[in-house]
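Here are the chains, one letter per residue:
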Amino acid sequence: MSTLSSHPPIVESPAVPAHWEGLWPHETDTQAFAEQLAQGLQSWPGGRDARIELRGNLGAGKTTLVRHLLRAAGVTGRIKSPTYAVVEPHQAGTVDAAWPIWHFDFYRFNDPQEWEDAGFRDIFAGPGLKLMEWPDKVAGQLPPPDWVIALDAIDENQRQVRISTGTEHGRMWLQAWMQGAAHAK
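A few points on the structure. Bear in mind the structure is a predicted one, so any value in this text is a computation, not a measurement. (Residues numbered from 1 in each chain as written. Predicted model: local features only at pLDDT ≥ 70, side-chain atom pairs only at ≥ 80, totals over all residues. Heavy atoms only, no water.)

In this section: the packing of aromatic side chains. Going through the model one piece at a time under the given rule, you end up with 13 aromatic pairs. On the basis of an interplanar angle of 20° and a centroid distance of 5.4 Å, the ring pair of Phe104 and Phe106 is categorised as stacked. By the burial criterion, Phe104 is buried, and Phe106 matches it. Here the aromatic residues Trp20, Trp24, Phe33, Trp44, Trp147, Trp173 and Trp177 are joined through ring pairs into a cluster of three or more. Stacked on the ring of Tyr107, the Lys or Arg Lys137 has its end atom at 5.4 Å from the ring centre. (Phe/Tyr/Trp six-rings, centres within 6.5 Å; stacked < 30°, edge-to-face > 60°. Buried < 20%, exposed > 50% of the residue type's maximum accessible area, 1.4 Å probe, protein only. Lys NZ or Arg CZ within 6 Å of the ring centre and 35° of its normal.)

What follows is the structure, given as structure tokens:
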């Protein structure tokens, strides 16, 4: 046995973090994050086809985050909450750089089978960003999320935020976002 194989390396590359935690003191912080995320999703490999779950209680700021993200991605016109419609399709960008974005709100689902019955499998098999509120209501039906963004309202303005990853793409994007956010300070 050589000495190289019998000793652990002294210097290793740090592990890519699988999560990030932070505080957004004001809605402007939510908007700034959404702008950074929209820019990243458009430049990261596969980012335009990301699957992002948004978790948090009623009033945590999930829909507010989505509205800021859609605006930052280039969606124009009225942006409605999909609470009653379950899904709102959007088109971001312009002709050559256009990309579909789907905003789902599964709050009113009572059975995960409703996801299958609604025909959402085809949407998830196709291109486009999928933003999902209340994903626990369709447990077992969704593909693994690239990111899970959990929001917790501390008070009227402040949000405790945790981003975790569920795929290798998600881990790469989180690392890229964290590096970009560090440079933006």
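Another aspect to go through is the side chain of His103. On the secondary structure map, His103 appears in strand S4 (residues 99-105). A distance of 2.6 Å separates polar atoms of two side chains, one belonging to His103 and the other to Glu133. The contact partners of His103, leaving out residues within four places of it in the chain, are Thr63, Val66, Lys80, Pro82, Val86, Val87, Glu88, His90, Leu131 and Glu133. (Helix = DSSP H or I, 4+ residues; strand = E, 2+ residues; numbered from the N terminus. Polar contact = N/O pair within 3.5 Å; in protein donor to acceptor, adjacent residues only side chain to side chain. Contact = heavy atoms within 4.5 Å.)

What follows is about the packing of helix H2 (residues 27-43) against helix H3 (residues 62-73). Geometry of a packed helix pair, given as the angle between the helix axes and the separation of the axes. Relative orientation of the contacting elements H2 and H3 amounts to 50°, with a least axis distance of 8 Å. One way to sum up the angle between H2 and H3 is to call them oblique. H3 is crossed by H2, and the crossing has right-handed handedness. Contacts between H2 and H3 involve Glu27, Thr30, Gln31, Phe33, Ala34, Glu35, Leu37, Ala38, Leu41 and Gln42 from the first element and Thr64, Leu65, His68, Leu69, Ala72 and Ala73 from the second. Here the contact of H2 with H3 is composed, by residue class, of nine nonpolar, five polar and two charged. (Axes fitted to C-alpha atoms, helices over the stretch in contact; angles between N-to-C directions. Parallel < 35°, antiparallel > 145°, perpendicular 65-115°, else oblique. Left-handed = near helix turned anticlockwise from the far one by under 90°. Nonpolar A, V, L, I, M, F, W, Y, C, P; charged D, E, K, R; others polar.)

Let us now look at H3. Helix length check: H3 (twelve residues) gives 16 Å between terminal C-alpha atoms against 16 Å at 1.5 Å per residue, within 8%. Among the residues of H3, Lys62, Thr63, Leu65, Val66, His68, Leu69, Leu70 and Ala73 are the ones counted as buried. One or two positions beyond H3, positive phi appears at Gly74, with a value near 105°. (Expected span 1.5 Å × (residues − 1).)

This part is about the sheet that holds strand S7 (residues 159-165). Read from one edge to the other, the open sheet built from seven strands follows the order S1-S7-S6-S2-S5-S4-S3, with strand pairing classed as mixed. Whereas interior strands pair on both sides, the edge strands pair on one side only; in this sheet they are strand S1 (19-24) and strand S3 (87-92). The sheet shows a mean angle of 15° between the axes of neighbouring strands, direction not considered. Across four bridges, the pairing between strand S2 (residues 51-55) and strand S6 (residues 147-153) is parallel. (Pairing = 2+ DSSP bridges.)

Glancing now at the nonpolar core. When a protein is soluble and globular, its nonpolar side chains tend to lie buried together. Ile52, Trp147 and Ile149 are the most contacted members of the largest nonpolar core, which has 33 residues in total. If you look at the next biggest cluster of nonpolar residues, it comprises 13 residues, including Val86, Trp115, Ile123 and Met132. (Core = buried A, V, L, I, M, F, W, Y, C linked by side-chain atoms within 4.5 Å.)

Our focus in this paragraph is the pattern of salt bridges. In the structure shown here, the tally under the stated rule is six salt bridges. Asp146 is the salt-bridge partner of Arg51, the closest N and O atoms lying 4.0 Å from each other. With a gap of 95 residues between them, Arg51 in strand S2 and Asp146 in the loop between strand S5 (129-133) and S6 connect regions that are remote in the sequence. Here Asp146 falls in the buried class, since its relative accessible area comes to 4%. Residues Glu88 and Lys80 are paired through a salt bridge, measuring 3.8 Å at the closest nitrogen-oxygen approach. (Salt bridge = Lys/Arg side-chain N within 4 Å of Asp/Glu carboxyl O.)

Nothing here speaks to function; it is geometry throughout.
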